[in-house]
Amino acid sequence: MIIHLPTGKKFHNRKEAKIYFGTAYYYKMEREKKDLMFTQNVQSATNEYEDTSKIPAKQGK
């Protein structure tokens, strides 16, 4: 889920947010890390997210 902080508008996915704001403006907000809050590990278009699948699992001794 993506939340636009100034308005409180909620989007279920990036596609909805891009349609609402326009692709260029949406990507600008995402790049600047401004006005958007991502929940549930939504993948950022700028690939600045933590990919837990690539982190090696800790092995107990």
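Computed from a predicted structure; not experimentally measured. (Residues numbered from 1 in each chain as written. Predicted model: local features only at pLDDT ≥ 70, side-chain atom pairs only at ≥ 80, totals over all residues. Heavy atoms only, no water.)

Caption draft 1: How the structure looks around the overall build of the protein. On a plain count of helices and strands, the protein comes out with two helices and three strands. Counting from the amino terminus, helix and strand elements in the protein follow one another as β-β-α-α-β. Per-residue burial for the protein yields a buried fraction of 20% across its 61 residues. Sequence separation of at least 24 residues holds for 38% of the intrachain contacts in the protein that already meet a minimum separation of 6. About 5,000 Å² of surface is accessible on the protein, with carbon and sulfur atoms providing 51% of the total. (Helix = DSSP H or I, 4+ residues; strand = E, 2+ residues; numbered from the N terminus. Buried < 20%, exposed > 50% of the residue type's maximum accessible area, 1.4 Å probe, protein only. Contact = heavy atoms within 4.5 Å. Areas by Shrake-Rupley, 256 points an atom, 1.4 Å probe, with all protein chains shown as cover.)

Caption draft 2: Focus on the packing of aromatic side chains. Under the defined criterion, the tally for this structure stands at five aromatic pairs. Ring centres of Tyr20 and Phe21 lie 4.9 Å apart, and the angle between their planes is 85°; this geometry places the pair in the edge-to-face category. Judged by its relative accessible area of 48%, Tyr20 is partly exposed. With a relative accessible area of 18%, Phe21 lands in the buried category. An aromatic cluster of three or more residues is present, and its members are Phe11, Tyr20, Phe21 and Tyr25. The ring of Tyr20 carries Lys9 above its face, with NZ or CZ at 5.1 Å from the centroid. (Phe/Tyr/Trp six-rings, centres within 6.5 Å; stacked < 30°, edge-to-face > 60°. Lys NZ or Arg CZ within 6 Å of the ring centre and 35° of its normal.)

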